Amino acid sequence: MNETHTSLDDLDLFASVAQSGSLSAASRATGTPLPTLSRRMSALERDMGRKLFQRGPAGYTLTTDGRSLAQELSGLADIRRRVARWQTLGIGPGPVRITAGFWTSRAI
């Protein structure tokens, strides 16, 4: 069985494109260069085997499959925020370990 696991980063970028309505706006919002974003959206379509965007002179618009995926990903931004908050909870001063000889340790 050949399973392809889609990157959460790519899904997050897709959600940004879907929410902003254009690659340019998503590029500015995510800090991802426009060519990279375009390439990753094409790769996402290829990996999923579905056409997610209708490309035209007006830019990218979501297909029916694209709108369906965007709806499925509606909670992804919230999950990312919760994970980022969880990561910062453990950050703080850590223990300091000092190695010293007998005479130095007496002086401390």
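Structure's up top.
Bear in mind that the values here come from a model prediction, so they are computed numbers and not experimental data.

1. Digging into the overall build of the protein chain
1) Next: Scanning the protein chain from N- to C-terminus turns up six helices and two strands.
2) Next: Starting at the N terminus and walking to the C terminus, you meet the elements of the protein chain as α-α-α-β-β-α-α-α.
3) Next: Taken over C-alpha atoms, the radius of gyration comes to 23 Å for the protein chain, far larger than the 13 Å a tight globule of 108 residues would show.
4) Next: Taking the principal axes of its C-alpha atoms as reference, the protein chain extends roughly 75 × 40 × 25 Å.
5) Next: The burial tally for the protein chain puts 22% of its 108 residues in the buried class.
6) Next: Put simply, of all contacts in the protein chain between residues at least 6 apart along the chain, 45% involve residues at least 24 apart.
7) Next: Carbon and sulfur atoms make up 53% of the accessible area of the protein chain, which amounts to about 8200 Å² in all.
8) Next: Here the protein chain contributes 14 positive and 9 negative side-chain charges, whose respective centroids are spaced 9 Å apart.

2. A look at helix H3 (residues 34-48)
1) Next: For H3, spanning 15 residues, the distance from its first C-alpha to its last is 21 Å, which sits close to the expected 21 Å at 1.5 Å a residue.
2) Next: Along H3, the residues that are buried comprise Leu37, Met41, Ala43, Leu44 and Glu45.
3) Next: Of the residues trailing H3, Gly49 is marked for its positive phi of about 70 degrees.

3. Thoughts on a nonpolar patch on the surface
1) Next: A contiguous nonpolar patch, built from Ile79, Val83, Trp86 and Leu89 and spanning about 470 Å² of accessible area, is present on the exposed surface.
2) Next: Within the fold, Leu89 resides in helix H5 (residues 76-89).
3) Next: What makes Leu89 exposed here is its relative accessible area of 68%.

4. Brief notes about the pairing of strand E1 (residues 53-56)
1) Next: Across four bridges, the pairing between E1 and strand E2 (residues 59-62) is antiparallel. Across the sheet, the residue bridging to Gln54 is Thr61, located in E2.
2) Next: Hairpin connection from E1 to E2: two residues lie between these consecutive antiparallel strands.

5. Regarding the environment of Met48
1) Next: Position of Met48 among the secondary structure elements: in helix H3.
2) Next: Look at Met48 and you get partly exposed, because its relative accessible area is 29%.
3) Next: For Met48 and His5, which are 43 residues apart along the polypeptide, the C-alpha to C-alpha distance reads 9.3 Å.
4) Next: Dropping the residues within four chain positions of it, Met48 is found in contact with Thr6, Leu11 and Leu69.

Rules used in this analysis
- Residues numbered from 1 in each chain as written.
- Predicted model: local features only at pLDDT ≥ 70, side-chain atom pairs only at ≥ 80, totals over all residues.
- Heavy atoms only, no water.
- Helix = DSSP H or I, 4+ residues; strand = E, 2+ residues; numbered from the N terminus.
- Rg over C-alpha atoms; globule rule 2.2 N^0.38 Å.
- Buried < 20%, exposed > 50% of the residue type's maximum accessible area, 1.4 Å probe, protein only.
- Contact = heavy atoms within 4.5 Å.
- Areas by Shrake-Rupley, 256 points an atom, 1.4 Å probe, with all protein chains shown as cover.
- Lys, Arg positive; Asp, Glu negative; His and termini not counted.
- Charge placed at Lys NZ, Arg CZ, Asp CG, Glu CD.
- Expected span 1.5 Å × (residues − 1).
- Patch = residues over 30% accessible without salt bridge, like charges linked within 9 Å, V, L, I, M, F, W, Y side chains within 5 Å.
- Salt bridge = Lys/Arg side-chain N within 4 Å of Asp/Glu carboxyl O.
- Pairing = 2+ DSSP bridges.

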